[in-house]
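Below, each chain spelled out in residue letters.
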Amino acid sequence: MAPNRWSSPKRSELLQKIRGFTRSILAELSEGRSPVISIDRFRNYCTNRDAFNCLCSSDSSKGKELITLEREYHARRLDVLLRVLLIVQKLLQENRHGSKRDIYYMHPSVFSDQSVVDQAINDICILLQCSRHNLNVVSAGKGLVMGWLRFLEGGRKCDCINNPNVAYPVPVYVEEVKGIHTSKVAENHIHIVSVAQYILIVEKESVFQRLADDRFCKRNSCIVVTGRGYPDIPTRRFLRLLIEKLRLPIYCLVDCDPYGFDILTTYRFGSMQMAYDAKFLRIPGINWLGAFPSDSEKYGLPQQCLLPLTEQDKRRTEAILQRCYLQREVPQWRLELESMLQKGVKFEIEALSMQSLSFLSEEYIPAKIQAGLHV
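Residues numbered from 1 in each chain as written. Predicted model: local features only at pLDDT ≥ 70, side-chain atom pairs only at ≥ 80, totals over all residues. Heavy atoms only, no water.

## Considerations on the packing of helix α9 (residues 258-269) against helix α12 (residues 311-321)
No. 1: Running from N to C, α9 and α12 point in directions that differ by 30°, and their axes come no closer than 9 Å. Comparing the axis directions of α9 and α12 gives the class roughly parallel. Between α9 and α12 lies a crossing of left-handed hand. Listed contacts from α12 to Pro-258, Tyr-259, Phe-261 and Asp-262 of α9 are Gln-312, Asp-313, Arg-316, Thr-317 and Ile-320.
No. 2: Broken down by class, the residue content of the contact of α9 with α12 amounts to four nonpolar, two polar and three charged. (Axes fitted to C-alpha atoms, helices over the stretch in contact; angles between N-to-C directions. Helix = DSSP H or I, 4+ residues; strand = E, 2+ residues; numbered from the N terminus. Parallel < 35°, antiparallel > 145°, perpendicular 65-115°, else oblique. Left-handed = near helix turned anticlockwise from the far one by under 90°. Contact = heavy atoms within 4.5 Å. Nonpolar A, V, L, I, M, F, W, Y, C, P; charged D, E, K, R; others polar.)

Written out as structure tokens, the structure reads:
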């Protein structure tokens, strides 16, 4: 794969690729041949035991999938792909944006399920060698940000610095984010303004709100972001932008359970569904701040705060443990996950508040960061 394969293409380039793709299919059909479409396949992890010799550490294609009209399932899939491609073409031509849900409701009887549209969009991104936002397909955006930060998104001014404990929605159009400048300064020299010392990601909105109520950002000169569970694309892209522009250390606080850990790995390594775009979405330098399995003993959590791992939790944990990147890149994370499985219990971040309502913001987080108690 060429190094610049996933560079951001212009709308005109994408429209040209779309026309070329559809013309090639029509040419095959007009000559009585069944078109064969080759789609690269990507993955960001595997379950091979020899994690150090697998190919997952590379962003290159791990193989190809061939779609042909000779198979009924493939014929339907190609029908969906072409319908979605036509919608994308119109969005680009008119320079408008639409969501995946918008696209689904344009042909609900044909698409039958949202996942069918999602797969088609991912296939189109791979075929056109671009990211989803390049297609003008955007998410509604659910992430929140607060702290020592100031930026513009299009014409919207987000001045968190004036009130660092007030939440702002994470920008949906991340490519439009830029610094606030005056006429005396050239725009291309402007960066996102921040005097923060670090960035903290928290898994849940409830923890984010607790930190806001405790005026955590103002007291600790930081930026706090939450994806409100599994992070969407705008949240991950915005965090990548902050890291690239501000060069700050970044920490992540999640529940001590399999789902919290999976959210942590989504930030760090990306998701399998969007493995083709992982290098633009992952945050390699992220530090896991907690909650660790050992925190239950260290902070004296009562038995009532500890929940037994369900059979589903155990199966999920065992599956995560098989991922090659844990052994290859973050073996300490793997040890912590094994410890949770061995203890057989899980707990939420909020359980640490049994010490006091502001324990997280006044003691747990500041002490861990100052002492370097993260992995």
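Past the structure itself, the notes keep going.
## Considerations on a nonpolar patch on the surface
No. 1: A cluster of nonpolar side chains, contributed by Leu-26, Leu-29 and Leu-69, occupies part of the molecular surface with about 270 Å² of accessible area.
No. 2: On the secondary structure map, Leu-29 appears in helix α1 (residues 11-30). (Patch = residues over 30% accessible without salt bridge, like charges linked within 9 Å, V, L, I, M, F, W, Y side chains within 5 Å. Areas by Shrake-Rupley, 256 points an atom, 1.4 Å probe, with all protein chains shown as cover. Salt bridge = Lys/Arg side-chain N within 4 Å of Asp/Glu carboxyl O.)

## Quick look at the packing of aromatic side chains
No. 1: Under the criterion given, the structure shown has 13 aromatic pairs.
No. 2: Judged by centre distance (5.0 Å) and plane angle (70°), the rings of Tyr-104 and Tyr-105 are edge-to-face.
No. 3: For Tyr-104, a relative accessible area of 11% gives the class buried.
No. 4: Centre to centre, the rings of Tyr-198 and Tyr-251 are 5.6 Å apart; their planes meet at 80°, and the pair counts as edge-to-face. (Phe/Tyr/Trp six-rings, centres within 6.5 Å; stacked < 30°, edge-to-face > 60°. Buried < 20%, exposed > 50% of the residue type's maximum accessible area, 1.4 Å probe, protein only.)

## Focus on the pairing of strand β4 (residues 150-153)
No. 1: Looking at chain direction, β4 and strand β5 (residues 156-159) are connected through four bridges and run antiparallel. Its bridge partner being in β5, Phe-151 is matched across the sheet by Cys-158.
No. 2: What sits between β4 and β5 in their antiparallel hairpin is a turn of two residues, with Gly-154 showing a positive phi close to 60°. (Pairing = 2+ DSSP bridges.)

## Here we look at the confidence of the model for the protein
No. 1: Of the residues in the protein, 94% reach a pLDDT of 70 or more, and the chain-wide mean stands at 88.
No. 2: Taking the mean pLDDT of every element in the protein, the minimum, 76, falls on strand β7 (residues 177-178) and the maximum, 98, on strand β10 (residues 250-253).
No. 3: Throughout residues 181-190 the model reports pLDDT below 50, and contacts reaching past four residues in sequence, or to other chains, amount to six contacts. (pLDDT = per-residue confidence, 0-100.)

## Let's talk about the nonpolar core
No. 1: Counting residues in each nonpolar core, the largest one holds 75 residues, and the members touching the most others are Leu-149, Leu-200, Ile-223, Val-224, Leu-253, Tyr-364 and Ile-365.
No. 2: When residues in this core are grouped by element, the largest group, six residues, is from helix α8 (residues 233-246).
No. 3: Filtering out sequence-adjacent residues up to four positions away, Tyr-364 remains in contact with Leu-253, Leu-289, Gly-290, Ala-291, Phe-292, Asp-295, Tyr-299, Leu-352 and Phe-359.
No. 4: Ranked by size, the runner-up nonpolar core spans 37 residues in total, among them Phe-42, Leu-81, Val-117 and Ile-124. (Core = buried A, V, L, I, M, F, W, Y, C linked by side-chain atoms within 4.5 Å.)

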